[in-house]
Every structure is written in C-alpha cells, then in structure tokens.
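Analysis of the macromolecular model
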Amino acid sequence: MQEVYWFQLHRYGLSTLIFIAGLFLSFEIFYFYQENFWRHWGELIIGLLTSTLLSSYVFILVGRRIFIEKKLQDQNNKLTHINSILQQEIDDRRRIEENIIAKKEYLQKRHETLKYVTKLTTSELRNAIMIEQSVRRKIEKFLKDSEERLRFITQHSIDGIISINSSGTIVSWNYGAQQIFGYDEAEIVGKPLQQILPQNEILLQSEINTKPKELKGRHHDGFHFSVEISHTHLKNEDNFFDTMIIRDITDRKEYEKRLIKALRDANTANAAKSEFLATISHELRTPLNAIIGFNQCLLIEMDGPINSSQQESLKKIEKSSFHLLSLINDILDWSKIEAKKMEIEVFPQNIVELITSCVEDMQPLALQKNLTIELLLDSAFILVEIDRMRIQQVLLNLLSNAVKFTEIGSIKIRLFDERDRVLIQITDTGIGLSPEELEKIFHPFSQADSSITRKYGGSGLGLVISTNIINLHKGSITVESEKGCGSTFTIILPKSQ
Ligand code: ADP
C-alpha cells in the first residue's frame, strides 16, 4: 500500500514538474521574442499546450502503471490466499488417505477372521459352543459342591461357627454352637451376641484375624465357662458379617492348670533333689577324703610294714576311692550347675603351660594303653584369662575321654593362636560317634552306648560340666566325629573376659 502512495506522489509530482517546466519554457520564449508579439503568443500557447499534453501523458502513464501494479498486487494476494486454501486441502486429503489406509487394514483383518470362521464347519462351531457350555457347567457344579461342602462342614463342625450382623445380632448358628451353648438355632438367631458372650465388646473392639481370644461364654442354663474365639470380618457394599469360630476350652483350661501345678511341683522336686545331691555329695566327700588319706598312710608304711598282698589291696582301695571321689565331685559340680551356682574366677594364665602339664598328667594312662599323645603348639606363651582349675578340669576330661575311648593309634592336641581367641583341638583315633550318639552326649548322665558304660565306666557328666565351664568363659565346645574313625573336640576360648 505504501508503494502505491509513493507512486501517486511521483505521478502528481512528475506531471506538475513537467507542466511547470513547459510553462517556464513558454514564458522564456515569450520574453525572448517580445518584438514579434503575435508569433510569441502563438509559441507561448503551443508551448503551454505541449507541456499540458506532455504532463497529461506522463500523468496518465504513471497512473496506468500504478493501476497495473495495484492489480498485480491484488492478484498476488488472491494467489497467496488460494495457495493456503490449496495447502489445507492437501493436508485434509492426506489425513483422509491415512484414515482410509487404516480402515482398509482393519477391514482386511476382519475379512481374514471372517474367512477363518466361515471355514469352520457348522459341527465344529457347535462343538466349540458345547465345550464352552460344558466348562461353564463344570465350574457351576464345582462352585455348588464347594458351597454345599462348606455348609456341611459349618453345620456339622464340633466348633461353634456363628455370624453376626452390623448391629451385633446373631444371624447364623451351627450344630457346634448348639452343643456348646445349649441353644437351638430357632431360639438364638435374631438375639444379641451378648446373650452368649457377655464380654462381647472385648471381641468386637479387638483387631480382626489376630490370635484367638479367650473369653467367658454363657450357657443356656446360666453357668459361665471358658471359650476360645477366632473371628473374621467380611464387609462389602451389600454385606457385613463377623464370623466367629468358638471352642469350649473348659477341659483344656483344667489340663493347663494341672500342668502348671505339675511343672511347679517338678521344679520344686528338682531343686530339692539338687539340694539333696549337693548335701549328700558333700557328706560323702569328707569321709572319703579320710579313707584316701589313711589308705595312703598305710601304703607308705607309716604304721608299720605291710606285705605285697596287703599293698595290692590298699592300691585297689586307693583306685576305687579316687574313682568315687571324682564321681562325687562331678555330682557336686552338676548340682551347682543345676542351681546356677557355679562360678569362675579368672586370671591371666599361660595356656601353653597348662596344656603341657595336663598332657604330662595323662601320659602314664596313655602309655598303659600304648597310645602316644602328640602336642602341636603355635607358640610357647599365650596369655588367656581363665579359671585355671576349671579349664584344667575340662582339658583332663577331654583328654581322659580320648584315651579311654581309643584302643590303637594316637591322640593329638593342637593349639591355635588366633587374634583374640585360642582354639584347642583334641583329636583321637578311637571308637568315634554316630550322628545319633553325638546328639546325646552333651545331656547329663547320657552316654553314647550303655555297653560302653559297662566297658569304660564314667558318669556321663563330664561333657555337661565341661560345656558349662567353657560357656562361663564365653567360649564353646564343638565335636566332629565319625563312627569307628575317631573324634575331634574343639574348645574355643576368648583371650580376655
Ligand atoms: P563319661 O564320664 O561317661 O565319659 P562324658 O560326659 O565325658 O561322660 O562323656 C559322655 C559320653 O560321650 C561318653 O560316655 C562316651 O560315650 C562319649 N564320648 C566322650 N568323648 C568321647 C570320645 N573321645 N570318643 C568317643 N566317645 C566319646
């Protein structure tokens, strides 16, 4: 549009300029030729006319150009508009074409499916329908059967199974409930739950599906009795059901009471037994020590010479007395363990020296049986906080067992020095233990095999006492063994308590 104005300005400006120039030229000529007046006027008029014609011509020419350009502009605008319409048309058409292709594909698939279905014969179709109907019938039957089974179980269960609605009214009642509470269905359905469970609020307020609760039930005849109740809760848009499974636990409660009393009596009897054993052991130990002492006096001939046969007899008395003393000591220790009165007093000790001295004590016994005792030590000095007497008792027990239950071969003791603990391993090549025997040997008075007791003797208390002593040191005893292939007992002891 601005361009058009610019041309208009040109048009008027140019024709005016030409006209003014023509006018100026005519007047110039007029003044130049003043002497020939008429000729001058003629030239002036011709000049004016020429400039008028020229300017008009320029005016028309420029006007025409502007007109043409305006037309062209309009035409251009129209073409742009048509172009955009065409573009839109093209886009629409592409969209439509895409839709048509998608529909074509869908129809193609449908057509193929129909072709497949039409290929099926009528009988095949009938078969498919029949199979579908028979499956449905089977499912319906299964559901019906399961419902009937559930109803049967509910009705015939000896546990009471009852349901209540949201206002706590009984809506279903089974045979078991009838037996427990003495009401028949017609009497109780529609009555509040409180009638049979006076503390029903405890049950209803408690969480559903948790542990069974013990409450008091009220019988038709008015007496109260113990019941155990588990209850489940069903709530959906149409239904609310609290279902309870109730069991009369009167008899169980009675048994429980009797059991608790029996347990209490057993504990009292056990404590009395431990007390008795401790006292009797103590009372036996004192005269036994006197026997051993006087026997030794006789043996060293303090009261005069004795012959070889007397010496033999006195040695037998000494052996039996020591055996009896060790048995009494074991019983005394065990009664202390039972009464939880066994205590230890720990001091730093060189465990290497202790093991070596135990092995030396055991050598004569081993030599009697032609057995060797091998000592494998990590170091010559390892300080461990222990009750020396008690750990010595444990080591001697394990070593004497190893010697006792080994006929041929050797016994090895290994000591491993680990960062904050020591490991003592006692391995023998003796009779070994089966898995069943392994389970028994740490129980008081248990021995792997009663025939072994007869052959080797022993109280069956040594391992119980040893385990207890090691546990008091915050350590452990473990055993690995195979019948006929020997055993390895491992003691683990922390270096400090
Ligand atoms: P006991 O005084 O009878 O030896 P223990 O408690 O020391 O009591 O041992 C219990 C039982 O464990 C033994 O009677 C024996 O059957 C079994 N037992 C212990 N050590 C060994 C071993 N080194 N080899 C085979 N059996 C063993």
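Just so it is clear, the structure is predicted and the values come from calculations on it, not from any experiment.

A word on the overall build of the protein chain
Within the protein chain, the regular secondary structure consists of 13 helices and twelve strands. Long-range contacts, defined as pairs at least 24 residues apart, comprise 59% of the intrachain contacts of the protein chain with a sequence gap of at least 6. Counting every atom, the protein chain has about 33800 Å² of accessible surface; 59% of that belongs to carbon and sulfur.

Regarding the pairing of strand 1 (residues 160–164)
Burial within strand 1 is extensive, with five of its five residues counted as buried. Of the two faces of strand 1, the one carrying Gly 160, Ile 162 and Ile 164 and the one carrying Ile 161 and Ser 163 are both buried. As paired strands, strand 1 and strand 2 (residues 170–173) are joined by three bridges and run antiparallel to one another. Within the sheet, the bridge partner assigned to Ile 164 lies in strand 2 and is Ile 170.

Description of the packing of aromatic side chains
According to the stated counting rule, one finds three aromatic pairs in the structure shown. Ring centres 5.9 Å apart and planes at 45° place the aromatic pair Trp 173 and Phe 181 in the tilted group. Geometrically, the ring pair formed by Phe 223 and Phe 225 is tilted, given 6.0 Å between the ring centres and 55° between the ring planes. Through pairs of rings, three or more aromatic residues link up here, namely Trp 173, Phe 181, Phe 223 and Phe 225.

What to know about helix 7 (residues 250–299)
In an α-helix, one turn spans 3.6 residues, which is why side chains three or four residues apart end up on the same side. For helix 7, with 50 residues, the first-to-last C-alpha span of 71 Å sits near the 74 Å given by 1.5 Å per residue. Those residues of helix 7 that sit buried are Ser 274, Leu 277, Ser 281, Leu 288, Ile 292, Asn 295 and Leu 299. Contacts made by the buried residues of helix 7 are with helix 8 (308–338). The positive-phi residue at the C-terminal boundary of helix 7 is Glu 301, with phi of around 60°.

Here's the deal with the side chain of Ser 321
By the secondary structure assignment, Ser 321 is in helix 8. With sequence-adjacent residues up to four places away left out, Ser 321 is seen in contact with Leu 288, Ile 291 and Ile 292.

With respect to the pattern of salt bridges
Throughout the structure, instances matching the rule amount to 19 salt bridges. Here Asp 145 and Lys 141 are joined by a salt bridge, their closest N and O atoms 3.0 Å apart. On the criterion of helical spacing, the pair formed by Asp 145 and Lys 141 is a turn pair, its members being four residues apart in helix 3 (residues 122–156). The exposure class of Lys 141 is exposed, given its relative accessible area of 53%. Among the salt bridges present, the one from Glu 437 reaches Lys 483, with a minimum N-O distance of 3.0 Å. Separated by 46 residues along the polypeptide, Glu 437 in helix 11 (residues 435–440) and Lys 483 in the loop between strand 11 (476–481) and strand 12 (487–494) bring together distant segments of the chain.

Looking at the sheet that holds strand 12
Taken together, the five strands give an open sheet; going across it, the order is 7-9-10-12-11, and neighbouring strands pair in mixed fashion. Of all strands in the sheet, those bounded by a partner on one side alone are strand 7 (372–377) and strand 11. Each adjacent strand pair in this sheet contributes to an overall mean axis angle of 15°, direction not counted. Contacting strand 7, strand 9 (410–417), strand 10 (421–428) and strand 12, helix 9 (residues 351–368) crosses the sheet at an angle of about 170° to strand 7.

Topic: the side chain of Ser 157
Mapped onto the elements, Ser 157 comes out in the loop between helix 3 and strand 1. Only 3.0 Å separates the side chain of Ser 157 from the backbone nitrogen of Asp 159, close enough to count as a polar contact.

Topic: the environment of Glu 312
Examined against the element boundaries, Glu 312 turns out to sit in helix 8. A relative accessible area of 47% places Glu 312 in the partly exposed class. In this structure the C-alpha to C-alpha distance between Glu 312 and Leu 299, which are 13 residues apart in sequence, comes to 9.4 Å.

Considerations on the confidence of the model for the protein chain
When the pLDDT values of the protein chain are averaged, the result is 86; 89% of them are 70 or greater. Ranking the helices and strands of the protein chain by mean pLDDT puts strand 12 first, with 98, and helix 12 (residues 450–456) last, with 63.

Re unusual backbone geometry
Backbone geometry places Glu 301, a non-glycine residue, at a positive phi of 60°. By secondary structure assignment, the location of Glu 301 is in the loop between helix 7 and helix 8. Positive phi values are uncommon outside glycine, yet Asn 370 reaches one of about 60°. Relative to the helices and strands, Asn 370 resides in the loop between helix 9 and strand 7. For Asn 370, a relative accessible area of 72% gives the class exposed.

A look at the packing of helix 8 against helix 13 (residues 462–472)
Contact pair helix 8 / helix 13: the axes reach a minimum separation of 10 Å and the direction vectors enclose 50°. Regarding the angle of helix 8 to helix 13, the classification is oblique. Taken as a pair, helix 8 and helix 13 cross one another with a handedness that is left-handed. On helix 13, the residues that touch Asp 330, Asp 333, Trp 334 and Ile 337 of helix 8 are Val 464, Ile 465 and Asn 468.

A closer look at the pairing of strand 11
Bridge count between strand 11 and strand 12: six bridges; the pairing is antiparallel. Residue pairing in the sheet places Glu 480 in a bridge with Thr 488 of strand 12. A loop of five residues connects strand 11 with strand 12, the two strands running antiparallel in sequence, and Gly 484 in this loop sits at a positive phi of about 80°.

What to know about the nonpolar core
Ile 351, Ile 391, Leu 395, Ile 424, Ile 491 and Leu 493 are the most contacted members of the largest nonpolar core, which totals 43 residues. Of the residues forming this core, the biggest block, eight residues, is contributed by helix 9. Mapping this core onto the domain boundaries places at least three of its residues in each of domain 3 (255–337) and domain 4 (344–494). The residues touching Ile 351, leaving out its near neighbours within four places in the chain, are Ile 382, Val 384, Ile 386, Ile 391, Leu 415, Ile 424 and Leu 493. Grouped together as the second largest cluster of nonpolar side chains are 18 residues, Ile 170, Ala 177, Ile 180 and Met 244 included.

So, a nonpolar patch on the surface
A contiguous nonpolar surface patch, about 510 Å² in accessible area, is contributed by Ile 131, Val 135, Ile 139, Phe 142 and Leu 143. For Val 135, the location among the structural elements is in helix 3. The partly exposed category is assigned to Val 135, whose relative accessible area is 42%.

What counts, and at which threshold
- Residues numbered from 1 in each chain as written.
- Predicted model: local features only at pLDDT ≥ 70, side-chain atom pairs only at ≥ 80, totals over all residues.
- Heavy atoms only, no water.
- Helix = DSSP H or I, 4+ residues; strand = E, 2+ residues; numbered from the N terminus.
- Contact = heavy atoms within 4.5 Å.
- Areas by Shrake-Rupley, 256 points an atom, 1.4 Å probe, with all protein chains shown as cover.
- Buried < 20%, exposed > 50% of the residue type's maximum accessible area, 1.4 Å probe, protein only.
- Pairing = 2+ DSSP bridges.
- Phe/Tyr/Trp six-rings, centres within 6.5 Å; stacked < 30°, edge-to-face > 60°.
- Expected span 1.5 Å × (residues − 1).
- Salt bridge = Lys/Arg side-chain N within 4 Å of Asp/Glu carboxyl O.
- Axes fitted to C-alpha atoms, helices over the stretch in contact; angles between N-to-C directions.
- Polar contact = N/O pair within 3.5 Å; in protein donor to acceptor, adjacent residues only side chain to side chain.
- pLDDT = per-residue confidence, 0-100.
- Parallel < 35°, antiparallel > 145°, perpendicular 65-115°, else oblique.
- Left-handed = near helix turned anticlockwise from the far one by under 90°.
- Core = buried A, V, L, I, M, F, W, Y, C linked by side-chain atoms within 4.5 Å.
- Domains from an automatic or database assignment.
- Patch = residues over 30% accessible without salt bridge, like charges linked within 9 Å, V, L, I, M, F, W, Y side chains within 5 Å.

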